[in-house]
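# Architecture at a glance
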Amino acid sequence: MRLPCTFWHEICIVSKIILPLRHDSENKMRIIAISTLKEYYIKHPQAKDALEEWAEKTEKAEWRNFADIKQTFNTVSQVGGQHYVFNIKGNDYRLVVVIKFTIHNVYIRFIGTT
């Protein structure tokens, strides 16, 4: 299987982002950048618990496809390509992410109210 990145010693370069290779729990999802969630819930404290719960479940997940995501989050929608929309806190917030299943990364693109 050919991976979508170039390996050189202990670094994986993916679309101009340098990430360290993971040796422990390689199949778990990694959220890029978790700091985006934290910045949002500092400004919107009522979203904190729901966003932390989403992050915790996501980081423990081993998603390989959309069906795997649906098993974890029943209300997720695929909105084209690799973009997914999660309804957070009973649809009070929307979280849009890009998921790269082959490298197990979840890129946060947008968090906002509906």
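Throughout this description, residue numbers start from 1 for each chain and increase along the sequence as written. Selection of residues for local features in this predicted model requires a pLDDT of at least 70, selection of side-chain atom pairs for listing and counting requires 80 or more, and totals for whole chains, interfaces and linings are taken over all residues. Where side-chain values are given, they derive from all heavy atoms of the structure, hydrogens and water being excluded.

What follows concerns the packing of aromatic side chains. Pairs were defined over the aromatic rings of Phe, Tyr and Trp, the Trp ring being its six-membered one, requiring ring centres within 6.5 Å. Orientation was assigned from the angle between planes: stacked under 30 degrees, edge-to-face over 60, tilted for the rest. The tally for this structure, following the rule as stated, stands at 8 aromatic pairs. Between Phe-73 and Phe-86 the ring centres are 5.3 Å apart and the planes differ by 85°, which places this aromatic pair in the edge-to-face class. Residue Phe-73 is found in the loop between α3 (66–72) and β5 (77–78), and its partner Phe-86 is found in strand β6 (residues 83–88); the two are separated by 13 residues along the sequence. Since its relative accessible area comes to 1%, Phe-86 is described here as buried. Here a set of aromatic residues connected by ring pairs shows up, and it is made of Trp-54, Trp-63, Phe-73 and Phe-86. Helix and strand assignments come from DSSP, with helices taken as H or I runs of at least 4 residues and strands as E runs of at least 2, each series counted from the N terminus. The rule is simple: take the accessible area with a 1.4 Å probe, protein chains only, and divide by the maximum for that residue type; under 20% is buried, over 50% is exposed, in between is partly exposed.

Turning our eyes to something else, we now look at helix α1 (residues 34–43). Buried residues of α1: Leu-37, Tyr-40 and Tyr-41, and no others. Projected down its long axis, α1 carries its buried residues within an arc of 90°, all on one side. Turned more than 90 degrees away from the buried face of α1, the exposed residues are Glu-39, Ile-42 and Lys-43. Looking at the packing, one finds that the buried side of α1 touches α2 (48–60), β7 (93–100) and β8 (105–113). What the arc describes is the spread of directions from the helix axis to the C-beta atoms. We call two residues in contact when some of their heavy atoms are within 4.5 Å.

Turning our attention to the side chain of Asn-105. Within the secondary structure, Asn-105 is located in strand β8. A distance of 3.1 Å separates the side chain of Asn-105 from the side chain of Tyr-107, its partner in a polar contact. For the purposes of these results, a polar contact is taken to be a pair of N or O atoms within 3.5 Å, where, inside protein, one atom must be able to donate a hydrogen and its partner to accept one; residues adjacent in sequence count only when each atom of the pair is a side-chain atom.

As a further point, take the sheet that holds β5. Note: two strands are recorded as paired if DSSP finds a minimum of 2 bridges between them. Pairing within the open sheet is mixed, and its 5 strands lie in the order β4-β8-β7-β6-β5. The strands lining the two open edges of the sheet, one partner per strand, are β4 (30–32) and β5. Note: β7 against β8, 8 bridges, orientation antiparallel. Bridging across to β8, Val-96 finds its partner in Phe-110. The strands that α1 touches are β4, β7 and β8; relative to β8, the one it contacts most, it runs at about 15°. Simply put, an axis is a line fit to the C-alpha atoms, just over the touching stretch for a helix, and the angle between two N-to-C directions goes from 0 to 180 degrees.

A separate point is the layout of surface pockets. Here a cavity is any set of points on a 1 Å grid over the protein atoms alone where a 1.4 Å probe fits but cannot get out, and a pocket is any open set with protein on both sides within 12 Å along at least 5 of 7 lines; a residue lines the site when it has an atom within 4 Å of a point. Grid points are joined across faces, edges and corners, and a volume is the space filled by probe spheres set on the points. For the second largest pocket, the calculated volume is near 160 Å³. Residue lining of the second largest pocket: Ala-50, Glu-53, Trp-54, Lys-57, Phe-73, Asn-74, Thr-75, Asn-87, Ile-88 and Lys-89, and that is the complete set. Elements that contribute at least two residues to the lining of the second largest pocket include exactly α2 and β6. The nonpolar class holds Ala, Val, Leu, Ile, Met, Phe, Trp, Tyr, Cys and Pro. Asp, Glu, Lys and Arg form the charged class, and all remaining residues, Gly among them, are polar. Its residues placed into classes, the lining of the second largest pocket shows 4 nonpolar, 3 polar and 3 charged.

Quick look at the nonpolar core now. If you look at the biggest cluster of nonpolar residues, it comprises 26 residues, and the most contacted ones within it are Trp-54, Trp-63, Phe-86, Leu-95, Val-97 and Ile-99. Those elements that provide at least two residues to this core are α1, α2, β6, β7 and β8. Excluding residues that lie within four positions of it along the chain, Leu-95 makes contacts with Leu-37, Trp-54, Tyr-84, Val-85, Phe-86, Ile-88, Ile-108, Phe-110 and Ile-111. Think of a nonpolar core as a cluster: buried Ala, Val, Leu, Ile, Met, Phe, Trp, Tyr and Cys residues, connected wherever their side-chain atoms sit within 4.5 Å.

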